[in-house]
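# Chain and residue survey
Okay, here's what each chain looks like letter by letter:
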Amino acid sequence: MNFMLFSVVVPVYNVEKYLDESIRSIVEQSSSIDNDLEILLIDDGSTDNSGSICDSYENKYPDLIRVFYKENQGLLATRRDGFKKASGKYIVNCDSDDLLEPGMLLKLKKVINKYADPDVILFNYNYMVGDTKKIAYKNIFSVESDIRVDKGSVLETFLKDHSVVSLCTKIYKRICIDVDKDYSSFYKVANGEDSLQSIELYNKAESFIYINDALYDYRIGSGMTRRFDENYYTGFKVVLEQIKNQKNSWNICDFEKLFAVKVMQTVGRAITQSRYGVWKSYTQQREYFINIRNDEMVDTALSYLKSIKGYLQTDHYYLLTLLKFRLYFSICMLLHIKNTLSQIGRGKGK
């Protein structure tokens, strides 16, 4: 086995529209780092032309790319399979509809050398719609171009916002994760796989570096933006329970308050996404909100609502306030108004 500096793990599932561009964004960086990487394309039972695209790249770059096929099990299982097959010192994650920014791997290699092989390197990312990019986060830990960050600050940030959650906006040593760890009980969890695996990674890692530059392009529109999952909160609660279990080991001041932020952000999203649901009646939609409100974890987190307002989206905060006081009809009316305004806006844009 040839040991490389980077193993770029790309889970692939029915993404033929974007896959070629995604792979090219990785391949084009190989020469700048003396081919010190491998690219692992893990096809999760695709039924479109994704597999053929992967094969064509492996045939063209046999010393750089390896392709693997597996039965469809979902993103979490596919990532873990890629981690197990990886031989690089550092794991880089790239979703198959996203892009690595030009020069990303060279910049990472320079920072690795500068800071003597840190366990984890965190960086900013862009939102991408078509060819338009907009930075999602910057100056997370510092305005400096790169800086060493203490573990406590990373854990606190993980709890209070989304900037260090995604596996695609960090690279980490392969030895900082247990590639044989059994995640099969979480395979059916539709959301939260990044948070779940970040727990394991942050528990094992000791040295952290932050690069204040957007090195990754996340494509908007292929996630759950306009899809509604009625089980979004209940599914994510499985992940929240795992985070809650870290209270004693993480030893963070105000853990309960920061954990409430994470819960409220999740519930806020569950509420706003419900406006895309096809509800048979107000009673059915109301029942959805009641079930969330009656959850013990939600009830506890709502007791912190006023004190954590600054960590929440403005619309989420007001919707959560209505939820706290069980004003379900008002929630439904606000979501209906938001839908109506969006439809008017789209109509004017035609």
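Let me sum up the structure you'll find in this document.

Cut-offs applied
Residues numbered from 1 in each chain as written. Predicted model: local features only at pLDDT ≥ 70, side-chain atom pairs only at ≥ 80, totals over all residues. Heavy atoms only, no water. Helix = DSSP H or I, 4+ residues; strand = E, 2+ residues; numbered from the N terminus. Rg over C-alpha atoms; globule rule 2.2 N^0.38 Å. Buried < 20%, exposed > 50% of the residue type's maximum accessible area, 1.4 Å probe, protein only. Contact = heavy atoms within 4.5 Å. Lys, Arg positive; Asp, Glu negative; His and termini not counted. Charge placed at Lys NZ, Arg CZ, Asp CG, Glu CD. Pairing = 2+ DSSP bridges. Core = buried A, V, L, I, M, F, W, Y, C linked by side-chain atoms within 4.5 Å. Salt bridge = Lys/Arg side-chain N within 4 Å of Asp/Glu carboxyl O. Patch = residues over 30% accessible without salt bridge, like charges linked within 9 Å, V, L, I, M, F, W, Y side chains within 5 Å. Areas by Shrake-Rupley, 256 points an atom, 1.4 Å probe, with all protein chains shown as cover. Arc of directions from axis to C-beta. Axes fitted to C-alpha atoms, helices over the stretch in contact; angles between N-to-C directions. Parallel < 35°, antiparallel > 145°, perpendicular 65-115°, else oblique. Nonpolar A, V, L, I, M, F, W, Y, C, P; charged D, E, K, R; others polar. Expected span 1.5 Å × (residues − 1). Polar contact = N/O pair within 3.5 Å; in protein donor to acceptor, adjacent residues only side chain to side chain.

## What about the overall build of the protein chain?
For the protein chain, the helix and strand inventory stands at 13 helices and ten strands. On C-alpha atoms alone, the protein chain measures out to a radius of gyration of 21 Å, which is about the 20 Å that the 2.2 N^0.38 rule sets for 350 residues. When the backbone C-alpha atoms are referred to their principal axes, the protein chain occupies close to 60 × 50 × 40 Å. When burial is assessed residue by residue, the protein chain has 52% of its 350 residues classed as buried. A separation threshold of at least 6 residues defines the contact pool for the protein chain, and within that pool the share at least 24 residues apart is 81%. The protein chain carries 47 positive and 46 negative side-chain charges, and their two centres are separated by 7 Å.

## Details of the pairing of strand β4 (residues 90-93)
Burial along β4 is two-sided: the face carrying Y90 and V92 and the face carrying I91 and N93 are both buried. Alignment of strand β1 (residues 6-12) against β4, held across four bridges, turns out to be parallel. Paired with S7 across the bridge in β4 is I91. Where β4 lies against strand β9 (residues 170-173), three bridges are found, and the strand directions are antiparallel. In the sheet register, V92 faces β9, and the bridge partner there is I171.

## Focus: the nonpolar core
Counting 67 residues, the largest nonpolar core has F158, Y202, M264, V267, I271, F289 and L323 as its most contacted members. When neighbours within four sequence positions are excluded, I271 is seen to be in contact with F289, L319, L320, L323, I331 and L335. Counting residues in hydrophobic clusters, the runner-up holds 39 residues, among them L105, I112, I121 and L215.

## Considering the pattern of salt bridges
In this structure the tally under the stated criterion is 20 salt bridges. Close ionic contact of K84 with D180 constitutes a salt bridge, the shortest N to O distance being 3.7 Å. Placement of the pair is K84 in helix α3 (residues 75-85) and D180 in the loop between β9 and α6 (193-204), with a sequence separation of 96 residues. Relative accessible area serves as the criterion here: at 56%, D180 is assigned to the exposed category. Put simply, D217 and K133 hold a salt bridge, and the shortest N to O gap is 3.1 Å. On the criterion of sequence distance, the pair formed by D217 in strand β10 (residues 208-219) and K133 in strand β7 (residues 132-135) is long-range, its members being 84 residues apart. The exposure class of K133 is partly exposed, given its relative accessible area of 42%. Three or more residues are tied together by salt bridges with common partners; here these are R79, D95 and E193.

## Examining a nonpolar patch on the surface
A cluster of nonpolar side chains, contributed by Y127, V129, Y218 and I220, occupies part of the molecular surface with about 320 Å² of accessible area. The topology assignment puts I220 in the loop between β10 and α7 (232-244). With relative accessibility at 34%, the residue I220 sits in the partly exposed group.

## Things to note about helix α2 (residues 50-60)
Each turn of an α-helix holds 3.6 residues, which means side chains three or four residues apart point in the same direction. Taken residue by residue, α2 has S50, G51, I53, C54 and Y57 as its buried positions. Buried residues in α2, looked at end-on, bunch into an arc of 160°, giving them a common side. Turned more than 90 degrees away from the buried face of α2, the exposed residues are N59 and K60. Close packing links the buried residues of α2 with β1, α1 (16-27), β2 (37-43) and β3 (65-69).

## Things to note about the packing of helix α5 (residues 151-160) against helix α9 (residues 255-273)
Across the interface, α5 lies against α9 with an axial gap of 7 Å and an inter-helix angle of 40°. When the axis of α5 is compared with that of α9, the two are oblique. Facing E156, F158, L159 and K160 of α5, the residues of α9 in contact are F255, L258, V261, K262 and Q265. Taken together, the residues of the contact of α5 with α9 break down into five nonpolar, one polar and three charged.

## Re α1
Over its twelve residues, α1 runs 17 Å from end to end, which matches the ideal 16 Å to within 8%, given 1.5 Å per residue. Listed as buried for α1 are L19, S22, I23, S25, I26 and V27. Buried residues in α1 make contact with β1, β2, α2, β3 and β5 (99-100).

## Points about the side chain of N124
By the element assignment, N124 lies in strand β6 (residues 120-129). The buried category is assigned to N124, whose relative accessible area is 1%. A distance of 3.5 Å separates a polar side-chain atom of N124 from the backbone oxygen of Y137. For N124, the contacting residues outside a window of four places in its chain are I135, Y137, K138, N139, I140, Y210, I211, N212, D213, A214, L215 and Y216.

## Examining the environment of R275
Residue position: R275 is located in the loop between α9 and α10 (282-293). A relative accessible area of 15% means that R275 is categorised as buried. Counting along the chain gives 61 residues from R275 to H336, while the straight-line C-alpha distance between them is 7.0 Å. One polar contact links R275 to Y276, side chain to side chain, over a distance of 2.9 Å.

Don't take any of this as a statement about function, it's just geometry.
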